[in-house]
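Tertiary structure, described
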Amino acid sequence: MTTAIITGITGQDGSYLAELLLQKGYRVIGVARRSSTVNYERIDHLLDDITVVQGDLQDQGSLLSLLEEYKPDEVYNLAAQSFVPTSWNQPALTGDVTALGVTRILEAIRFVNPKIRFYQASSSEMFGKVLEVPQSEDTPFYPRSPYGVAKVYGHWITVNYRESFDIFAASGILFNHESPRRGLEFVTRKISNGVAKIKQGMAKELRLGNLESQRDWGFAGDYVEAMWLMLQQDKPDNYVIGTGETHSVREFCEIAFSHVGLDYKEYVVVDERFYRPAEVDLLISDPSKSRQHLKWEPAVSFNELVRMMVDADMNRLKNK
Ligand code: NAP
Ligand code: F7E
C-alpha cells in the first residue's frame, strides 16, 4: 500500500486530495497543527479512513519524527499561511510557515529518506505584477505580497533540493482554485456565501474590494488530480495548472447573484477597506505543458463553479 503524508489536511485542498488518494488505495496520513479546538469540518467524513497526526511546519522535529514513524512514499506539502491580506499583517509568520516550512520538510526528507517524492504547493501569486500574458513555467516572477514572496522562496528551494540532492521534488504552480469548501474570507466564497445570505433575508449587502481584478479560477477537486499526476511522472518538474481563462471579480458577482434571480448592482458595495497595499491585477495561465505532459484538463467550467458554490451555500444556510 502506498503511503502519503499530506500537510494542510484541514484545508480546502487537503480534504480533496485525501479523498482522491483514498480512492486510489493509498494509506493517508494527514498532518494538522495543534489547536485548542479541533477544526476537522472539511475532513469529518474521512476520519474513519485517514490517520490525523499532529505536526507543525514551524517545528523541524515534528516533521522529522512523522517521516520516521510513517515512512511515506509521497509527501504533499499543502500547509501554508495562505490568505494574502494576512501576509501583510503577519509577514514574518508567513515567511516562517509558507517559505521556511518548505525547507524544513525537504530537510526531513533528505535526512530520513531522499527517495520520498515531494509535492510543493506553489502559486500563481508568484507571477504578481505579471511580466508576461499568459503565464507559463518560464514566466519570471514578480510577487506583490509577503505571501507571494514566501511562495517564490518555497518554489526555488524545491527546485534547489531537486538539483542539489536529486530529490524527486515537484512544484505545482496552481492558479486560483475554489469550491464549496473554500475559506469564507476568499473572494469567491465570500460572494457565494453573501449571495445565499442576501437571498435568504439574512443580510442586506455584500462589501467587497477591487471588483476589476481578474483571476484564472478553477475547481479545487480537479486540481488535486494534477498534484498526484506530478508525482507519478518519470522525472520531477514544475507545472502550471489553470484553466487558461480569466474572469473578473465583477463577473463572478454577476453570475452568482443572477443564479438566484438577483442583480449584483443592488447589493454589492465597494469598500476600500478590502483593497490591498499592492494588487495582482490579472492572472491567466498558459497550461499547455501540463495538458501535454500530465494529460490534465479541468472538468468544471467557470459558470459551473460559481453555480456549484452558490447552490452549496444556499443549501447549507437553509439547513441551519
Ligand atoms: P487553506 O485552506 O488555507 O489550508 C491551509 C492549511 O495549512 C490548513 O490546513 C492550515 O491549518 C495549514 N497550516 C497553516 N499553518 C500551518 C503550520 N504552521 N503547520 C502546519 N499546518 C499549517 O489552503 P488551500 O486553499 O487548501 O491551499 C493549499 C495550499 O496550496 C496552500 O499552500 C496554498 O498556499 C496553496 N495554493 C492555494 C491555491 C488556491 O487557489 N487554493 C492556489 C495556489 C496555491 P489550520 O486549519 O490549522 O489553519
Ligand atoms: O482574492 C479581490 C482581491 O483573496 C482574489 C489564495 O488561495 O489564490 C488565492 O489568493 C481577488 C484579489 O485570492 C475582495 O483584491 C475583491 O484581487 O480570493 P482572494 P488571491 O489573493 O488571488 C492564490 C492563487 C493563492 O495562492 C492564495 O493562497 O479578489 N477582492 N474584493 C477581494 N478579495 C477578498 N479576499 N475579499 C474581498 O472582499
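Right, let's walk through the structure included here. (Residues numbered from 1 in each chain as written. Chains lettered and ligands numbered in written order. Predicted model: local features only at pLDDT ≥ 70, side-chain atom pairs only at ≥ 80, totals over all residues. Heavy atoms only, no water.)

1. Details of helix 6 (residues 187–199)
Taking 1.5 Å of rise per residue, the 13 residues of helix 6 would be expected to cover 18 Å, and the 18 Å separating its terminal C-alpha atoms lies within 8% of that figure. Burial of helix 6 is extensive: ten of the 13 residues sit out of reach of the surface. Three or more residues of helix 6 are buried, namely Thr188, Arg189, Lys190, Ile191, Ser192, Asn193, Gly194, Val195, Ala196 and Ile198. Contact partners of the buried residues in helix 6: strand 7 (177–178), strand 8 (206–208), helix 8 (249–259) and helix 10 (302–318). The positive-phi residue at the C-terminal boundary of helix 6 is Gly201, with phi of around 75°. (Helix = DSSP H or I, 4+ residues; strand = E, 2+ residues; numbered from the N terminus. Expected span 1.5 Å × (residues − 1). Buried < 20%, exposed > 50% of the residue type's maximum accessible area, 1.4 Å probe, protein only. Contact = heavy atoms within 4.5 Å.)

2. Some remarks on the side chain of His247
Within the fold, His247 resides in strand 12 (residues 247–248). A polar side-chain atom of His247 sits 2.7 Å from a polar atom in the side chain of Glu245. (Polar contact = N/O pair within 3.5 Å; in protein donor to acceptor, adjacent residues only side chain to side chain.)

3. What to know about the packing of aromatic side chains
Scanning the model with the defined rule gives twelve aromatic pairs in all. On the numbers, 5.0 Å between centres and 65° between planes, the contact of Tyr161 with Phe165 is edge-to-face. One end of the pair is Tyr161 and the other is Phe165, both in helix 5 (residues 146–165) and four residues apart, which spans about a single turn. Under the relative-accessibility criterion, Phe165 is labelled partly exposed at 35%. Seen in terms of ring centroids, Trp217 and Phe252 are 5.4 Å apart; in terms of plane orientation they differ by 65°. Their pairing is edge-to-face. Of the two residues, Trp217 sits in the loop between strand 9 (214–215) and strand 10 (218–219) while Phe252 sits in helix 8, which places them 35 residues apart along the sequence. The class for Phe252 is buried, based on a relative accessible area of 0%. Members of the aromatic cluster, each reached through a chain of ring pairs, are Phe127, Phe141, Trp156 and Phe175. Positioned over the ring face of Trp228 is Lys24, at 3.9 Å from the centre of the ring. (Phe/Tyr/Trp six-rings, centres within 6.5 Å; stacked < 30°, edge-to-face > 60°. Lys NZ or Arg CZ within 6 Å of the ring centre and 35° of its normal.)

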